[in-house]
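Tertiary structure, described
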Amino acid sequence: MSDDLFKSALSEREGVAQPPSVNPYWKKNQRKKKEKLPIEQMAERILLGDRTVLSQAITLVESISVEHTAMAQELIDKLLPYSGNSVRIGITGVPGVGKSTFIESFGKYVTGLGHKLAVLAIDPSSERSKGSILGDKTRMEELSTDPDAFIRPSPSGLTLGGVARKTREVITLCEAAGFDVIIVETVGVGQSETVVKSMVDFFLLLMLSGAGDELQGIKRGIMEMADAIVINKADGDNVDKANFAKSQYQAALRLFPPCESGWEVPVKTCSAIKKINIDAVWGMIEEYRNFTTGNGYFDHHRKQQSVKIFYDWMETTLVTIFFDNQKIKEEIDRLIPEIQNGTLSPYIAGNIILDQMKENGRK
């Protein structure tokens, strides 16, 4: 009897040879990673308006890597002499006011006049995941395909008021790349407005009408910072409400002290979605620039901003150096349980840390 009859049905038989799990040609055909350009070449390409390199440079500036920070500073130093030739516009407003729609309509109008526009849209970062949606390009479909526009959404990085820490440096890069109109869009009404005001020439506050008591819906401090108030969505049945809100704001502004620039803050209505009065908003910005250039405030304000950048950079750098110190870290870790247990006052703990810092400085 053949031995084959006694073989189990479960016995292993020789099968068909299988191909390797990895394509043997993969390494040969895969795309080679682009080598990073030297800083000198990167600066040259940005000055020629290369948007791909501009995007890479912005990513470099936004990086928290120590190596990247040093490279970014070198790049900024090379491009700084070629910056400053733009009008910088900060745009803010309550959630739902239509900032993205307004920026798209306004941006298309500005590029239609022959200007090159860069939009730096700050997306809020999550406190939990530290991530952000970065969806402004999807909300500005028409402007994102405009050859004379550049949209760069950036995560706020949980910095004060949601303004990206590196926005000032990004403005320098965009100006060096030839963009003569820069828009900085903030997350919404809040502390971020103070930071944005310190980096732009013109601060535009967008408002809605018919959303309750308009004057109660916004902080006085933000209205005092505004160089203009524009009431959006003034179309259809909402025109009368928008005009009524306009009169309310005009009356309120009369109670405020005069602007340092000598400029009288105007209030206008517009409809971003219907593209109504968008030209009047741009005309108002040009009028402001001519007015403040004529009386010297424009240049004075820019110089003040440079000094503020210096102080902000020093503050951020010193805080980073302080908390990166290994001995300081160890001392903080030692004190935290005592603070949590209530056996040590937070203020006394703070003085202990500062005393250690001073001691380290003497060594």
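Above: the structure in question.
Residues numbered from 1 in each chain as written. Predicted model: local features only at pLDDT ≥ 70, side-chain atom pairs only at ≥ 80, totals over all residues. Heavy atoms only, no water.

The next point concerns the overall build of the protein chain. For the protein chain, the count of helices and strands is 15 helices and seven strands. Among the 363 residues that make up the protein chain, the fraction classed as buried is 41%. On the protein chain, roughly 21500 Å² of surface is accessible, and the fraction owed to carbon and sulfur atoms is 54%. (Helix = DSSP H or I, 4+ residues; strand = E, 2+ residues; numbered from the N terminus. Buried < 20%, exposed > 50% of the residue type's maximum accessible area, 1.4 Å probe, protein only. Areas by Shrake-Rupley, 256 points an atom, 1.4 Å probe, with all protein chains shown as cover.)

Moving on to helix 2 (residues 39-47). Three or more residues of helix 2 are buried, namely Ile39, Met42, Ala43 and Ile46. On an axial view of helix 2, the arc spanned by its buried residues comes to 100°, and they lie on one face. On the buried face of helix 2, the contacting elements are helix 3 (51-62), helix 4 (66-79) and helix 8 (167-176). (Arc of directions from axis to C-beta. Contact = heavy atoms within 4.5 Å.)

Here the focus is the side chain of Ser261. Relative to the helices and strands, Ser261 is located in the loop between helix 11 (239-253) and strand 7 (267-269). Given a relative accessible area of 6%, Ser261 falls into the buried group.

Moving on to the pattern of salt bridges. Scanning the model with the defined rule gives twelve salt bridges in all. Note that Arg152 and Glu62 form a salt bridge whose closest N and O atoms lie 3.3 Å from each other. Pair noted here: Arg152 is in strand 3 (residues 149-155) and Glu62 is in helix 3, with a separation of 90 residues, a long-range link. Residue classification places Arg152 among the buried residues on the basis of a relative accessible area of 15%. Judged by relative accessible area, which is 26%, Glu62 ranks as partly exposed. Glu331 serves as the salt-bridge partner of Arg334, at 2.7 Å between the closest nitrogen and oxygen. Of the two residues, Arg334 and Glu331 both sit in helix 14 (residues 326-341), three residues apart, roughly one turn of that helix. Classification of Glu331 by relative accessible area gives buried; the value is 14%. (Salt bridge = Lys/Arg side-chain N within 4 Å of Asp/Glu carboxyl O.)

Time to look at the packing of aromatic side chains. For any pair of aromatic rings, the description rests on two quantities: the centre-to-centre distance and the angle between the ring planes. Counted under the stated rule, the structure contains eight aromatic pairs. Relative to Tyr311, the ring of Phe310 has its centre 5.3 Å away and its plane inclined at 65°; by these criteria the two rings are edge-to-face. Taken together, Phe202, Trp263, Tyr288 and Phe291 form an aromatic cluster joined through their ring pairs. If you follow Lys116 out to its NZ or CZ, it ends over the ring of Phe179, 4.8 Å from the centre. (Phe/Tyr/Trp six-rings, centres within 6.5 Å; stacked < 30°, edge-to-face > 60°. Lys NZ or Arg CZ within 6 Å of the ring centre and 35° of its normal.)

The subject of this paragraph is helix 4. For helix 4, built from 14 residues, the straight-helix expectation of 20 Å at 1.5 Å per residue is met to within 8% by its first-to-last C-alpha distance of 20 Å. Where helix 4 is buried, its residues contact helix 2, helix 3 and helix 8. Here helix 4 starts with a cap whose side-chain oxygen sits 3.3 Å from the backbone nitrogen of Glu67, and that cap is Ser65. (Expected span 1.5 Å × (residues − 1). Polar contact = N/O pair within 3.5 Å; in protein donor to acceptor, adjacent residues only side chain to side chain.)

Now for the pairing of strand 6 (residues 228-231). Judged by which residues are buried, strand 6 turns out to be covered on both faces: Ala228 and Val230 on one side and Ile229 and Ile231 on the other are all buried. With four bridges joining them, strand 5 (residues 202-207) and strand 6 adopt parallel strand pairing. The partner of Leu206 across the bridge, within strand 6, is Val230. In this sheet, strand 7 lies alongside strand 6 in parallel orientation, the contact comprising three bridges. (Pairing = 2+ DSSP bridges.)

This next bit is on the nonpolar core. Residues Ile46, Ile89, Phe102, Phe106 and Leu173 are the most contacted members of the largest nonpolar core, which totals 82 residues. Those residues in contact with Phe106 that lie beyond four places of it in its chain are Ile89, Ile183, Ile278, Val281, Trp282 and Ile285. Judged by nonpolar contacts, the second largest core, of six residues, contains Phe322, Leu335, Leu344 and Ala349. (Core = buried A, V, L, I, M, F, W, Y, C linked by side-chain atoms within 4.5 Å.)

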